[in-house]
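Observations on chain architecture
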Amino acid sequence: MAEKTLSPSRFLSGTVSLPGDKSISHRALLLAGIASGESCISGISTSEDVLSTISCLRKLGVKIKRSKTDVVVQGVGREGLKQPRSKLDAGNSGTTMRLLTGILSAQTFISTIDGDESLRKRPMRRIIDPLEQMGAQIENNNYRAPLKIIGRPLRAIDYASPIASAQVKSAIILAGLYARGITRVTERSASRDHTERMLGEFGVKAQYSMGGAGVKGPADLQACDIDIPRDISAAAFFLVAACLLPDSEIEITNVGTNPTRIGVLDALSSMGARIKKSREKVINNEPRTDLIAKSSSLHQTTLQGSIISNIIDEIPILSIAATQAEGTTIIRDAQELRVKESDRIKAIVSNLKKMNANVKESKDGLLITGPTPLTGATIDSYGDHRIAMSFAIAGLIADGKTVIKGAECVDISFPGFFDILDEIRND
Ligand code: S3P
């Protein structure tokens, strides 16, 4: 599927069952891998990124059995990982590389972790600096992967992170499980807190608040069973699609609604979207709910400051929504978008321009004025899954055909995306 062609849809209807949350899936696997005993994980993401974490853990001696979305992990205990015989391959997954580097820094062996062409371009200094402060030794190529990690005993640190990044925070907290004393991370605005929440399920008390986390090491994890909610970042594509198409109503079941991830619901609601929650519950310290989205008449919003880290993965699809909103939507403080799987500001602007949207680029964001009718175009995914899916949704409301180049990259986070879209669209 190098190219995918989309034609306009009349309306969306039906119930959607999404893959498990990708961020929570990585953490469940990593924590289960270094816990003592057998953990059963249900509802795991089948994304290529999560498969990368499974393959790295297997190379480190962790036995993992997977049948579709159910996984059984035979944890080896905190000191039980084995030196891998070959390089660890994180593929396209920043979460795999950054979180695992935190754990590998504290081992008694040397390992090398590498990634694909996109991951090799992404900044690793953000984890190397704090991990080196803890005593880690990480050889690198101008702060880029591949990373050669010479495992060493670590010390606890108190780290004020200059970037609100859950991957940075989690790398330090995971390293902190091996360091004597309390390791603390504070950040300017709150990034997702799945690691801290899940540690409690594995018997390790972690402190967490909006904007910080701490753990006392050395800490031993006990195996446990984890049920993973569906991915709100995947839900976002269909929520926006239902809002944009007339006469639409869709239901998405069991979606994770962790407070550090629901910025997309707040942003859409500030634009006038009709999205309702029902049947809220909490399992494994992670809230989840069913969501119902209906056609909506949208207006502009301003997205800046502390909400940005909460919506960082959803800005591409929110930009599509903004093209259909009355007025100028302003997105700023989002310079992190430039160092994601692609430069997402550039990818959004160049593709939206091809579709005749009214969009302006700034250093740290975008200005999008609507409503503007979109025209079908040939879209460059830049190999970035969230760009491909966002513009596939744009294709539903555009006039004419939209062709997504490099559409197979959707499998990085959401295999089955196009099948679900086919199930709920009505032409
Ligand atoms: C993630 C954190 C975010 C996010 C990424 C997943 C995680 O990255 O963009 O898709 O699972 O911790 P940053 O930590 O770089 O902001």
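About the criteria used
- Residues numbered from 1 in each chain as written.
- Predicted model: local features only at pLDDT ≥ 70, side-chain atom pairs only at ≥ 80, totals over all residues.
- Heavy atoms only, no water.
- Helix = DSSP H or I, 4+ residues; strand = E, 2+ residues; numbered from the N terminus.
- Rg over C-alpha atoms; globule rule 2.2 N^0.38 Å.
- Buried < 20%, exposed > 50% of the residue type's maximum accessible area, 1.4 Å probe, protein only.
- Domains from an automatic or database assignment.
- Contact = heavy atoms within 4.5 Å.
- Buried area = accessible area lost by both parts, 1.4 Å probe.
- Phe/Tyr/Trp six-rings, centres within 6.5 Å; stacked < 30°, edge-to-face > 60°.
- Pairing = 2+ DSSP bridges.
- Axes fitted to C-alpha atoms, helices over the stretch in contact; angles between N-to-C directions.
- Near = heavy atom within 4 Å.
- Polar contact = N/O pair within 3.5 Å; in protein donor to acceptor, adjacent residues only side chain to side chain.
- Areas by Shrake-Rupley, 256 points an atom, 1.4 Å probe, with all protein chains shown as cover.
- Nonpolar A, V, L, I, M, F, W, Y, C, P; charged D, E, K, R; others polar.
- Parallel < 35°, antiparallel > 145°, perpendicular 65-115°, else oblique.
- Left-handed = near helix turned anticlockwise from the far one by under 90°.

In this section: the overall build of the chain. Along the chain, the regular secondary structure elements total 14 helices and 25 strands. For 427 residues, the compact-globule formula gives about 22 Å, and the C-alpha radius of gyration of the chain, at 21 Å, lands near that figure. Seen through its principal axes, the chain has C-alpha atoms that stretch 60 × 40 × 40 Å. Classification of the 427 residues of the chain by burial places 60% in the buried group.

Now for the domain arrangement of the chain. Each assigned domain of the chain is listed here: domain 1 (3–19 + 229–426) and domain 2 (22–227). If you average the C-alpha positions of domain 1 and of domain 2, the two centres end up 28 Å apart. Contacts between domain 1 and domain 2 engage 26 residues on the former and 28 residues on the latter. The contact between domain 1 and domain 2 buries some 2,500 Å² in all, and 43% of this surface belongs to carbon and sulfur atoms. Looking at the side of domain 1 facing domain 2, the largest losses of area belong to Thr-260, Asn-284 and Ile-412, adding up to 23% of the total buried there.

You can see Ile-368 is positioned in strand β22 (residues 365–370). Between the C-alpha atoms of Ile-368 and Thr-301, which are 67 residues apart in sequence, the distance is 10 Å. Among all residues touching Ile-368, those that are not within four sequence positions of it are Ser-319, Ala-322, Thr-323, Gly-327, Thr-328, Thr-329, Leu-352, Asn-358 and Val-359.

One pass over the full model with this rule turns up five aromatic pairs. Ring centres 5.9 Å apart and planes at 75 degrees place the aromatic pair Phe-237 and Phe-417 in the edge-to-face group. Of the two residues, Phe-237 sits in helix α8 (residues 232–244) while Phe-417 sits in helix α14 (residues 417–424), which places them 180 residues apart along the sequence. Residue Phe-417 is classed as buried on the basis of its relative accessible area of 0%. Summarising the aromatic geometry, the rings of Phe-238 and Phe-417 are spaced 5.5 Å apart at their centres and angled 25 degrees between planes, so their arrangement reads as stacked. Here Phe-238, found in helix α8, pairs with Phe-417, found in helix α14; they are 179 residues apart in sequence, far enough to count as distant. Judged on exposure class, the residue Phe-238 and its partner Phe-417 are both buried.

Taken together, the four strands give an open sheet; going across it, the order is β10-β11-β13-β12, and neighbouring strands pair in mixed fashion. Each edge of the sheet is formed by a strand with only one pairing partner; in this case those strands are β10 (158–161) and β12 (206–209). The average undirected angle you get between the axes of adjacent strands in this sheet is 10 degrees. Sheet analysis places strand β11 (residues 181–187) next to strand β13 (residues 212–217), joined by six bridges and oriented antiparallel.

A few words now on the site of the ligand. Around the ligand, the structure places Ser-23, Arg-27, Thr-95, Arg-98, Ser-165, Ala-166, Gln-167, Arg-192, Ile-312, Asp-313 and Lys-340. A distance of 3.4 Å is found between an oxygen atom of the ligand and a side-chain nitrogen or oxygen belonging to Thr-95. When the ligand sits alone it has 380 Å² of accessible area, and the protein chains cover 94% of it. Tallied by class, the residues present in the shell around the ligand amount to two nonpolar, four polar and five charged. Summarising the domain contributions, the shell around the ligand has at least three residues from each of domain 1 (3–19 + 229–426) and domain 2 (22–227).

Structurally, Pro-371 can be placed in the loop between β22 and β23 (378–380). The exposure class of Pro-371 is partly exposed, given its relative accessible area of 47%. Excluding anything up to four places from it in sequence, Pro-371 contacts Thr-323, Gln-324, Ala-325 and Glu-326.

Moving on: the packing of helix α11 (residues 315–323) against helix α13 (residues 385–397). Running from N to C, α11 and α13 point in directions that differ by 20 degrees, and their axes come no closer than 8 Å. It follows from the interaxial angle that α11 and α13 lie roughly parallel. Taken as a pair, α11 and α13 cross one another with a handedness that is right-handed. Counted together, Pro-316, Ile-317 and Ile-320 of α11 and Arg-386, Ile-387, Ser-390, Phe-391, Ile-393 and Ala-394 of α13 form the full contact between these two elements.

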